[in-house]
Amino acid sequence: MVEAAGWWSLLVAPALLLAGAVLAVAGDALLAARDAGRPRSAVAAARPLLEVPRLLAAQPRRMPAPDRLLWRLGVVTVPVSAVLSVLVIPFGHRTVADLSVGVVWFNAMEVFTWAGLWLAGWGPNAVFSLVGGYRFVAQGLAYELPLMFALITAATGAESLRVGDIVAAQQGLWFAVWMPVAFVVYLAGVSALCFLGPFGYPVGRDIASGVLGETTGADRLLLRAGRWLWLVSGAAMAVPLFLGGGAGPWLPAWAWSSLKTLLVLAVLVWVLRRLPVLRADRYVEFAWVVLIPLAIVQALVPALVVLNR
Amino acid sequence: MDTLESALLAALGVVALVTAVLVFTCDSMARVTFALLASLCCVGGVVAVLGLPYLGVVTVLMMVMEMVVMAVFMIAYMMNPAGLMPMSMLHNKRGSLAVSGAVFATLVAAVFLTPWPAQVGEPPPDTTFQVGKALMGEQMLTMVVLGFVLLATMVGATVLATRRGRYDRFGDDLDLRPARDPVRGGVGR
């Protein structure tokens, strides 16, 4: 049912992703205004977007003996991998590339963020920045393994790694209904990859903004945009994986896709604001002792169902 | 295989070789690691272009994770201060040149001297399924044994590497509750 669209989708997909990110940032700013008791107006929502021209015009900061090549590479990797991950996410019945291994592609793009963030921390030759990069890598496995099991669970239920097949397999019942643990684990994993809110440890205040600390100008813009792009991409991928893709009554498929994506995104933005920053050792222990066993048991459920089909 | 695929294959091969050379010419541990990562990503691309998309993408995925973890350890264990200083990847230059030259010559000779079998029938439409069947069908026992060996190695290495054992946590008679941990709190405490 899901099929690859023409070359124009290569332009539309990143544009949609960017629009989603702008909406998420605006929503986050509105929530911040509400929490601070400021008026919730259009100005408040657009305020973080004023950062864009300011950062573009900002003077670059020079560090003694930076590794410029790796620094740039790391900074660019974060948003670029987010954009590349969208290639396999269907929007309604259309997708940019209907890869036979779409789920693995998405996962591979996610781990590029790992490398990118470590490089962004390493590049400036500054202590706190490097500490931030190491924090993300140290937690990487704790973030990534439960997420991988969640992806495997959806793929097992559909007996395919093709995202289109996973959507088709949810005709009767959404995967979120009978794989709730995988759904929650997936959402936690993708928000952790955005290092936002409770997962903001690598850019924590205690290490002077960590990875973001030494970046200025366009570099800072790319890194900060990258985390929101990843949040939108993660929310968009949750729809075909667990929420039946573009399926729904009355409205066309693309409308359902965007509605569901925006809903997941809104929930993520709200939850990320509600939670305090999680200390790394606490989350790592929770991930290894609780999340991974739960995710494995959850993966067993569709495996047994598929075997008995 | 059409012209585009051949060109892509050649380009990936050249980039893989160039970045592999960079692994030995760069003087920073971080650059060396990521040059190796670039090389291995190209290898993953080669595998994907050759018609094994699953193995190709999984190679890229695993190599990124591995190289990031390796960067951390290589920088930590370099003999000069924490791998932060300029360094050289070349040791025992003459000996290693002889060994690597001989291995390279042997492999190239093997490529041209091996009587490669001719293709029989059509390649299957979904190679991922074939890979899965090969690994989880006839080779199931091998995979299960390998899985346990890997798990045992990981658990063993972790146990050997941790300074504190259960007697440190629960006392000499293992009856100390809650456990004596350097960091308070956590799951079940």
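Residues numbered from 1 in each chain as written. Chains lettered and ligands numbered in written order. Predicted model: local features only at pLDDT ≥ 70, side-chain atom pairs only at ≥ 80, totals over all residues.

Colleague: How would you explain the overall build of chain A if you had to name every residue and give the values?
Modeller: The secondary structure content of chain A amounts to 13 helices and 2 strands. By its C-alpha atoms, chain A is 60 × 40 × 40 Å across when sized along the principal axes. Put simply, chain A has 309 residues, and 52% of those count as buried. In chain A, the proportion of contacts linking residues at least 24 apart, taken out of those at least 6 apart, comes to 81%. (Helix = DSSP H or I, 4+ residues; strand = E, 2+ residues; numbered from the N terminus. Buried ≥ 20, exposed ≤ 12 C-beta atoms within 10 Å, placed from the backbone. Contact = placed C-beta atoms within 7 Å.)

Colleague: Give me the overall build of chain B: which residues, what numbers.
Modeller: Helix and strand counts for chain B come out as 7 helices and 0 strands. In chain B, the succession of helices and strands from N to C terminus is α-α-α-α-α-α-α. Relative to a compact globule of 189 residues, whose C-alpha radius of gyration would be 16 Å, chain B shows 23 Å and is clearly more extended. Seen through its principal axes, chain B has C-alpha atoms that stretch 70 × 45 × 30 Å. (Rg over C-alpha atoms; globule rule 2.2 N^0.38 Å.)

Colleague: Please give an account of the environment of aspartate 28 of chain A that cites residues and values.
Modeller: Residues and elements named next belong to chain A. Tracing the sequence through the fold places aspartate 28 in helix H1 (residues 9–36). For the pair aspartate 28 and alanine 266, spaced 238 residues apart in sequence, the C-alpha separation works out to 8.9 Å. Each residue touching aspartate 28, except ones within four places of it in the same chain, is listed here: Val269 and Arg273.

Colleague: Explain the interface of chain A and chain B residue by residue, including any values.
Modeller: On the chain B side, the residues contacting the 24 residues of chain A number 21 residues. Breaking the side of chain A that touches chain B down by element, the ones donating at least two residues are helix H5 (102–122), helix H6 (127–158) and helix H13 (280–307) of chain A. Within the side of chain A that touches chain B, the residues separate by chemical class into 18 nonpolar, 2 polar and 4 charged. (Nonpolar A, V, L, I, M, F, W, Y, C, P; charged D, E, K, R; others polar.)

Colleague: Which residues make up the UniProt feature "transmembrane region" (unreviewed entry) in chain A, and what are the values?
Modeller: Residue and element names in this part refer to chain A. Per the UniProt entry, the sites bearing "transmembrane region" (unreviewed entry) are residues 6–31, 69–91, 111–134, 141–161, 173–196, 228–247, 253–272 and 284–307 in this numbering. Taken end to end, residues 69–91 is 74% helix and 0% strand, and its first and last C-alpha atoms sit 35 Å apart. With 75% helix and 0% strand, the stretch residues 173–196 has end C-alpha atoms that lie 31 Å from each other. (UniProt positions renumbered as here; feature names shortened; annotations may be inferred.)

Colleague: Let's hear about unusual backbone geometry: which residues, and what values?
Modeller: With phi around 50 degrees, alanine 208 of chain A is a residue other than glycine that occupies positive phi space. Here alanine 208 of chain A shows up in the loop between helix H9 (180–193) and helix H10 (210–213).

Colleague: If you had to explain the packing of H5 of chain A against H6 of chain A to someone new, which residues and values would you point to?
Modeller: Packed helices, taken two at a time, are described by their axes: the angle between them and the distance between them. All names here are of chain A. H6 packs onto H5 with a crossing angle of 175 degrees between their chain directions and a minimal axis gap of 8 Å. As far as their axial angle goes, H6 and H5 are roughly antiparallel. Counting all contacts with H5, which are made through Val103, Asn107, Val111, Trp114, Leu117, Trp118, Ala120, Gly121 and Trp122, the residues of H6 involved are Ser129, Leu130, Gly132, Gly133, Tyr134, Phe136, Val137, Gly140, Glu144, Met148, Leu151 and Ala155. Classifying every residue of the contact of H5 with H6 by side-chain character gives 14 nonpolar, 6 polar and 1 charged. (Axes fitted to C-alpha atoms, helices over the stretch in contact; angles between N-to-C directions. Parallel < 35°, antiparallel > 145°, perpendicular 65-115°, else oblique.)

Colleague: Break down the packing of H6 of chain A against H9 of chain A for me, with residues and values.
Modeller: Residue and element names in this part refer to chain A. At their nearest, the axes of H6 and H9 sit 8 Å apart, and the two run at 135 degrees to each other. Of the possible angle classes, the one that applies to H6 and H9 is oblique. Handedness of the crossing formed by H6 with H9: left-handed. Residues Tyr143, Pro146, Leu147, Ala150, Thr153 and Ala154 of H6 touch H9, and the partners they reach there are Ala182, Val185, Tyr186, Gly189, Val190, Ala192 and Leu193. Split into classes, the residues belonging to the contact of H6 with H9 amount to 11 nonpolar, 2 polar and no charged. (Left-handed = near helix turned anticlockwise from the far one by under 90°.)

Colleague: Account for the domain arrangement of chain B, naming residues and giving values.
Modeller: Under the domain assignment used here, chain B contains domain 1 (1–91) and domain 2 (139–189). Using only C-alpha atoms to locate each centre, domain 1 of chain B and domain 2 of chain B end up separated by 33 Å. (Domains from an automatic or database assignment.)

Colleague: An account of the environment of glycine 6 of chain A is needed here, citing residue identities and associated values.
Modeller: For glycine 6 of chain A, the location among the structural elements is in the loop between strand S1 (3–4) and H1. Residues glycine 6 of chain A and arginine 282 of chain A, spaced 276 residues apart in sequence, show a C-alpha to C-alpha distance of 46 Å.

Colleague: Describe the nonpolar core, and please don't skip the residues or the numbers.
Modeller: Counting 124 residues, the largest nonpolar core has Tyr186 of chain A together with Val64 of chain B as its most contacted members. Among the elements that line this core, the one with the most residues is helix H11 (residues 217–242) of chain A, at 16 residues. In contact with tyrosine 186 of chain A, other than residues within four places in its own chain, are Leu147, Ala150, Ala238, Leu241 and Phe242 of chain A. (Core = buried A, V, L, I, M, F, W, Y, C linked by C-beta atoms within 7 Å.)

Colleague: Quick one: what's the story with H1 of chain A, residue by residue and with numbers?
Modeller: Residue and element names in this part refer to chain A. Its 28 residues place the ends of H1 40 Å apart at the C-alpha level, agreeing with the 40 Å of an ideal helix rising 1.5 Å per residue. Those residues of H1 that fall on the buried side of the exposure criterion are Ala13, Leu16, Leu17, Gly20, Ala21, Ala24, Val25 and Asp28. Those residues of H1 that are buried are in contact with helix H4 (68–85), H11 and helix H12 (253–274). (Expected span 1.5 Å × (residues − 1).)

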